Amino acid sequence: METGTLEAMAPSIDKWAELILSDDETWTGWPFADQWAEHDGPVPIRNRLHPAIPFVCGGSYDVDNLRPVDAVDLMRAPGHIARQIHHLPDGAKIKIVVTD
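Residues numbered from 1 in each chain as written. Predicted model: local features only at pLDDT ≥ 70, side-chain atom pairs only at ≥ 80, totals over all residues. Heavy atoms only, no water.

Our focus in this paragraph is the overall build of the protein chain. When helices and strands are tallied, the protein chain shows four helices and two strands. Overall, the protein chain shows an N-to-C arrangement of helices and strands of α-α-α-β-β-α. If you line up the protein chain on its principal axes, its C-alpha atoms span 40 × 35 × 25 Å. Within the protein chain, the proportion of its 100 residues that are buried is 17%. Restricting to contacts in the protein chain with at least 6 residues of sequence separation, those with at least 24 account for 38%. Here the protein chain displays about 8,000 Å² of accessible surface, and carbon together with sulfur accounts for 58% of that area. (Helix = DSSP H or I, 4+ residues; strand = E, 2+ residues; numbered from the N terminus. Buried < 20%, exposed > 50% of the residue type's maximum accessible area, 1.4 Å probe, protein only. Contact = heavy atoms within 4.5 Å. Areas by Shrake-Rupley, 256 points an atom, 1.4 Å probe, with all protein chains shown as cover.)

Note that Ser60 resides in the loop between strand E1 (47–51) and strand E2 (66–70). Of the residues examined, Ser60 reaches a relative accessible area of 31% and is grouped as partly exposed. Not counting the four nearest positions on each side in its chain, Ser60 is found in contact with Phe55 and Asn65. Looking at Ser60, its side chain comes within polar contact range of the side chain of Asp62, at 2.9 Å. (Polar contact = N/O pair within 3.5 Å; in protein donor to acceptor, adjacent residues only side chain to side chain.)

Moving on, we come to the pattern of salt bridges. In total, this model carries one salt bridge according to the counting rule given. Residues Lys15 and Glu18 are paired through a salt bridge, measuring 4.0 Å at the closest nitrogen-oxygen approach. Placement of the pair is Lys15 and Glu18 together in helix H1 (residues 13–22), with a separation of three residues, close to one helical turn. Assessed through its relative accessible area of 43%, Lys15 is described here as partly exposed. (Salt bridge = Lys/Arg side-chain N within 4 Å of Asp/Glu carboxyl O.)

Counted under the stated rule, the structure contains one aromatic pair. Between the aromatic rings of Phe55 and Tyr61, the centroid separation amounts to 4.1 Å while the plane-to-plane angle is 10°, which identifies the pairing as stacked. For Phe55, a relative accessible area of 25% puts it in the partly exposed group. (Phe/Tyr/Trp six-rings, centres within 6.5 Å; stacked < 30°, edge-to-face > 60°.)

On to the confidence of the model for the protein chain, then. Residue-level pLDDT values for the protein chain average 85, and 91% of them are 70 or greater. Taking the mean pLDDT of every element in the protein chain, the minimum, 77, falls on helix H4 (residues 71–85) and the maximum, 96, on H1. (pLDDT = per-residue confidence, 0-100.)

With phi around 65°, Arg46 is a residue other than glycine that occupies positive phi space. Mapping Arg46 onto the fold places it in the loop between helix H3 (30–40) and E1.

Right, let's get into a nonpolar patch on the surface. A surface patch of nonpolar side chains, amounting to about 440 Å² of accessible area, comprises Met9, Ile13, Trp16 and Trp27. Mapped onto the elements of the fold, Trp27 is located in helix H2 (residues 24–28). (Patch = residues over 30% accessible without salt bridge, like charges linked within 9 Å, V, L, I, M, F, W, Y side chains within 5 Å.)

This part takes up the environment of Pro54. For Pro54, the location among the structural elements is in the loop between E1 and E2. The sequence separation of Pro54 and Asp90 amounts to 36 residues, and the corresponding C-alpha distance is 14 Å.

Shown next, in the form of structure tokens:
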């Protein structure tokens, strides 16, 4: 989750799998990958689609807001953003600072 909150999904691996299979489009995002591939080709190996404007910042949930990002970089970025906006009230203007 973009905000860094932790939320249990299921009490067991079986229940987790059941949940994923009950709504695989939402939980896996495969329709976005299909839409991306139709327009821009397959997502490059070791990349994942990520919103250009984070959803938590009002970014749209459509393929035009997605960009392929290296998976390792993608794992680092959301936590960095979450730390920067954690104490801000809803609707506050933000400036995200990107550092190494």
